[in-house]
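The chain contents come next:
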Amino acid sequence: NHTELMINGFGGNIISEGNRITVNPAEELYGHEITVPGDISSAAFFLVAGLIVPNSEIQIRNVGLNETRTGILDVLKAMGASIQIEPSGEGIEPSGNITVKYSSLHGTEIGGDLIPRLIDELPVIAVAAAFAEGRTVIRDAEELKVKESNRIDAMERELKKAGVDVHSTEDGLIIDGGRPVCGGSFESYGDHRIAMSMSVLALAAEGESRI
């Protein structure tokens, strides 16, 4: 709902109710300064790195906290992550600072209404699952097949190279974490999210990695 928030911030009168958007006449549209918060999809890699690298603590400032985009925070909390959020209360878009600390993660189930709120973050969530105790199930994520790469197949192949117990399904991945994770020679498939996800894995894996 970034567009609706922005137009209303300029004096518009848009009402959103479920899948219905009503555009009402505006008395006047006016300009003002805009603070553009950081992209939580980019912050996701640092969030997971802070959670899986021992003794880490990372604060990421001015991150967008629009509820349509914060599914990764819900999932990481469900996995037992130490996450603190300080809303800023400023600007048209919700934003704030996020602090994460190294945590003992556990598996969870991800699907349904959560998927649209974290579809781009699923590769790095799969990395978090590799370091979590127990089983993580990702379902309802067929869209991953038609991104810059087939991210379901790519993450299955690359995580297996790291010694992770993982197998793909028609619409996601099943990852049994908690085993030793080792470095290796990983492919990016020309996809920045695969490259960054495997870079995060390499930070906490045993031995050297090449992506």
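Here, every reference points to the structure presented above.
Reading guide: rules and limits
Residues numbered from 1 in each chain as written. Predicted model: local features only at pLDDT ≥ 70, side-chain atom pairs only at ≥ 80, totals over all residues. Heavy atoms only, no water. Helix = DSSP H or I, 4+ residues; strand = E, 2+ residues; numbered from the N terminus. Contact = heavy atoms within 4.5 Å. Pairing = 2+ DSSP bridges. Axes fitted to C-alpha atoms, helices over the stretch in contact; angles between N-to-C directions. Parallel < 35°, antiparallel > 145°, perpendicular 65-115°, else oblique. Left-handed = near helix turned anticlockwise from the far one by under 90°. Nonpolar A, V, L, I, M, F, W, Y, C, P; charged D, E, K, R; others polar.

Draft legend 1. Geometry of the environment of Tyr30. Mapped onto the elements of the fold, Tyr30 is located in the loop between β2 (20-24) and α2 (40-52). If sequence neighbours within four positions are ignored, Tyr30 has contacts with Gly9, Phe10 and Gly11.

Draft legend 2. Inspection of the sheet that holds strand β3 (residues 57-64) at higher detail. Taken together, the three strands give an open sheet; going across it, the order is β3-β5-β4, and neighbouring strands pair in antiparallel fashion. In this open sheet, the two strands that pair with only one neighbour each are β3 and β4 (82-87). Neighbour-to-neighbour, the strand axes of the sheet open up by a mean angle of 20°, direction not taken into account. Bridge analysis of β4 against strand β5 (residues 95-101) gives six bridges, and the strand direction is antiparallel. Bridge pairing links Ile85 to Ile98 in β5. Along the sheet face, helix α3 (residues 71-78) touches β4 and β5 and points at about 145° away from the line of β4.

Draft legend 3. Representation of the sheet that holds strand β9 (residues 172-177) in the model. Read from one edge to the other, the open sheet built from four strands follows the order β6-β7-β9-β8, with strand pairing classed as mixed. Across the chains shown, the open sheet's two edge strands, defined by having one partner strand only, are β6 (109-110) and β8 (165-169). Here β8 runs beside β9; their pairing, made up of five bridges, is antiparallel. The residue of β9 that forms the bridge with Ser168 is Leu173. Against the sheet, helix α4 (residues 122-130) makes contact with β6, β7 (134-138) and β9, and its axis sits at roughly 25° relative to β9, the strand it touches most.

Draft legend 4. Representation of the packing of α4 against helix α5 (residues 151-161) within the structure. With their axes 10 Å apart at the nearest point, α4 and α5 run at an angle of 30° to one another. Relative to α5, the element α4 lies roughly parallel. Crossing hand, α4 versus α5: right-handed. Contacts between α4 and α5 involve Pro123, Ala126, Val127 and Ala130 from the first element and Arg151, Met155 and Leu159 from the second. Split into classes, the residues belonging to the contact of α4 with α5 amount to six nonpolar, no polar and one charged.

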